[in-house]
Amino acid sequence: MPDLPDELELLLTEVRKTISDNKQFLDKLADEAIEVDSEDDSETAAGKEDFEEL
């Protein structure tokens, strides 16, 4: 029974690391999504300039 607290501490450490890894992954995905959106906006603006108003 004395090993139980040690095992709980190890489990808690692993859970915290997993949460941290998941947060970093989601932050990276969000940053990439923002970059893609800003690239799409610049292409759309350039596309509008290609047309001459009648």
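See above for the structure.
Described below are features of the structure shown in this document.

## Quick word on the overall build of the protein
Scanning the protein from N- to C-terminus turns up one helix and zero strands. Working note: accessible area of the protein is about 5400 Å², and carbon and sulfur atoms make up 58% of it.

## A few points about a nonpolar patch on the surface
Where nonpolar side chains cluster on the molecular surface, the patch consists of Leu4, Leu8, Leu11, Val15 and Ile19 and spans about 450 Å² of accessible area. Looking at the element boundaries, Val15 is found in helix H1 (residues 4-49).

## Here we look at a negative patch on the surface
A surface patch of negative charge is lined by Asp31, Glu32, Glu35, Asp37, Glu39 and Asp40. Along the chain, the position of Glu35 falls in helix H1.

## Observations regarding the pattern of salt bridges
Taken as a whole and judged by the stated rule, the model has two salt bridges. The salt bridge involving Asp21 is made with Lys17; its shortest N-O contact spans 3.0 Å. Of this pair, Asp21 and Lys17 both sit in helix H1, separated by four residues, roughly a single helical turn. The partner of Asp27 in a salt bridge is Lys23, and the shortest N-O contact between them spans 3.0 Å. Placement of the pair is Asp27 and Lys23 together in helix H1, with a separation of four residues, close to one helical turn.

The rules we used
- Residues numbered from 1 in each chain as written.
- Predicted model: local features only at pLDDT ≥ 70, side-chain atom pairs only at ≥ 80, totals over all residues.
- Heavy atoms only, no water.
- Helix = DSSP H or I, 4+ residues; strand = E, 2+ residues; numbered from the N terminus.
- Areas by Shrake-Rupley, 256 points an atom, 1.4 Å probe, with all protein chains shown as cover.
- Patch = residues over 30% accessible without salt bridge, like charges linked within 9 Å, V, L, I, M, F, W, Y side chains within 5 Å.
- Salt bridge = Lys/Arg side-chain N within 4 Å of Asp/Glu carboxyl O.
- Lys, Arg positive; Asp, Glu negative; His and termini not counted.
- Charge placed at Lys NZ, Arg CZ, Asp CG, Glu CD.

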